[in-house]
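# Fold and geometry: a report
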Amino acid sequence: RGRELYTLLCAQCHKLGTEGGAVGPELTGVGSRAPEEILIEIVDPNRSLEANYRAWSLETKDGRNLSGRLDSEDQSSVELLDVSGQRHVVPRNQIAVLEAGDLSLMPVGLIDDLSDADVASLVRFLSASKETGHP
């Protein structure tokens, strides 16, 4: 059940082993952490927010609004990776506003609707993945 929940709730953004997305931090090796720490990170994703996983908002001069993780930037463009994993490359001369947020892209309350047994299954699944990412 933990694997099912990981696939449903986490894999779109997080890579574990060879499976998953690249929006959030890679979870390979997360099982080396205590289960309590894993649960705390899920419940409060803003607790120890790494700078490269902040939510950024971008508004273009033509009124488009984008949000996501700042994946790269240079003198001519900014590249955002949105929560679906889609890359958006925006030339700097088309940007009206670019702001770093204080929150993670990971939603607070992600597991609020899960039963205690499902939460335990998810944490057990993640805890079982040591170096390889596969329990």
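Structure: above.
Residues numbered from 1 in each chain as written. Predicted model: local features only at pLDDT ≥ 70, side-chain atom pairs only at ≥ 80, totals over all residues. Heavy atoms only, no water.

### Some thoughts on the pattern of salt bridges
Any two side chains of opposite charge can pair, given that their charged atoms come close. Note the following rule: For this analysis, a salt bridge means a side-chain nitrogen from Lys or Arg found within 4 Å of a carboxyl oxygen belonging to Asp or Glu. Each residue is assigned to one of three classes by its accessible area relative to the maximum for its type, calculated with a 1.4 Å probe on protein chains only: buried under 20%, partly exposed between the two thresholds, exposed over 50%. To qualify as a helix, a DSSP run of H or I must reach at least 4 residues; to qualify as a strand, a run of E must reach at least 2; elements of each kind are numbered from the N terminus.
What the rule picks out here adds up to ten salt bridges. Close ionic contact of glutamate 41 with arginine 33 constitutes a salt bridge, the shortest N to O distance being 3.5 Å. For glutamate 41, a relative accessible area of 19% translates into the label buried. Close ionic contact of arginine 92 with glutamate 73 constitutes a salt bridge, the shortest N to O distance being 2.5 Å. In this pair, arginine 92 sits in the loop between β6 (87–91) and β7 (95–104) while glutamate 73 sits in strand β4 (residues 65–73), placing the two residues 19 residues apart along the sequence. A relative accessible area of 32% means that arginine 92 is categorised as partly exposed.

### Here's the deal with the pairing of strand β5 (residues 77–81)
Heads up, the condition is: For two strands to count as paired, DSSP must find a minimum of two bridges between them.
Of all the five residues making up β5, five are buried; the element is thus mostly covered by neighbouring parts of the structure. Of the two faces of β5, the one lined by Ser77, Glu79 and Leu81 and the one lined by Val78 and Leu80 are each fully buried. The pairing of β4 with β5 spans four bridges and is classified as antiparallel. Across the sheet, residue glutamate 73 finds its bridge partner in β5, namely valine 78. Counted along the chain from β4 to the antiparallel partner β5, the turn is three residues long. Inspection of the sheet shows β5 paired to β6 by five bridges, in the antiparallel sense.

### Looking at the pairing of strand β3 (residues 54–60)
As paired strands, β3 and β7 are joined by six bridges and run antiparallel to one another. Residue leucine 58 lies in a different strand from β7, and its bridge partner there is leucine 98. Note: β3 against β4, four bridges, orientation antiparallel. Paired with serine 57 across the two strands is serine 67, which belongs to β4. The turn linking β3 back onto β4 is made up of four residues, and glycine 63 within it adopts a positive phi angle of 95 degrees.

### Let's talk about the layout of surface pockets
To keep things clear, this is the line we draw: Of the grid points, spaced at 1 Å and generated over the protein atoms alone, those admitting a 1.4 Å probe that cannot get out make up cavities, while open sets with protein on both sides within 12 Å along at least five of seven lines make up pockets; any residue with an atom within 4 Å of a point is treated as lining. Grid points are joined across faces, edges and corners, and a volume is the space filled by probe spheres set on the points. Any residue that is not Ala, Val, Leu, Ile, Met, Phe, Trp, Tyr, Cys, Pro, Asp, Glu, Lys or Arg is counted as polar, Gly included; the first ten are nonpolar and the last four charged.
Roughly 680 Å³ of internal volume is contained in the largest pocket. In terms of lining residues, the largest pocket is bounded by 30 residues, among which His14, Pro25, Leu27, Glu41 and Met106 are the most central. At the level of elements, α1 (2–10) and α2 (35–43) are the ones that each hand at least two residues to the lining of the largest pocket. Sorting elements by how many residues they give to the lining of the largest pocket places α2 first, with four residues. Per-class residue counts for the lining of the largest pocket are 19 nonpolar, six polar and five charged.

### Some remarks on the sheet that holds β7
Counted only if it meets this: Lines fitted to the C-alpha atoms define the axes, with helices restricted to the stretch that makes contact. Angles between their N-to-C directions range from 0 to 180 degrees.
As summarised here, the arrangement of the five strands in space is β6-β5-β4-β3-β7, forming an open sheet in which the pairing is antiparallel. The open sheet is flanked by β6 and β7, the only strands paired with a single partner. Within this sheet the neighbouring strands show an average axis-to-axis angle of 45 degrees, counted without direction.

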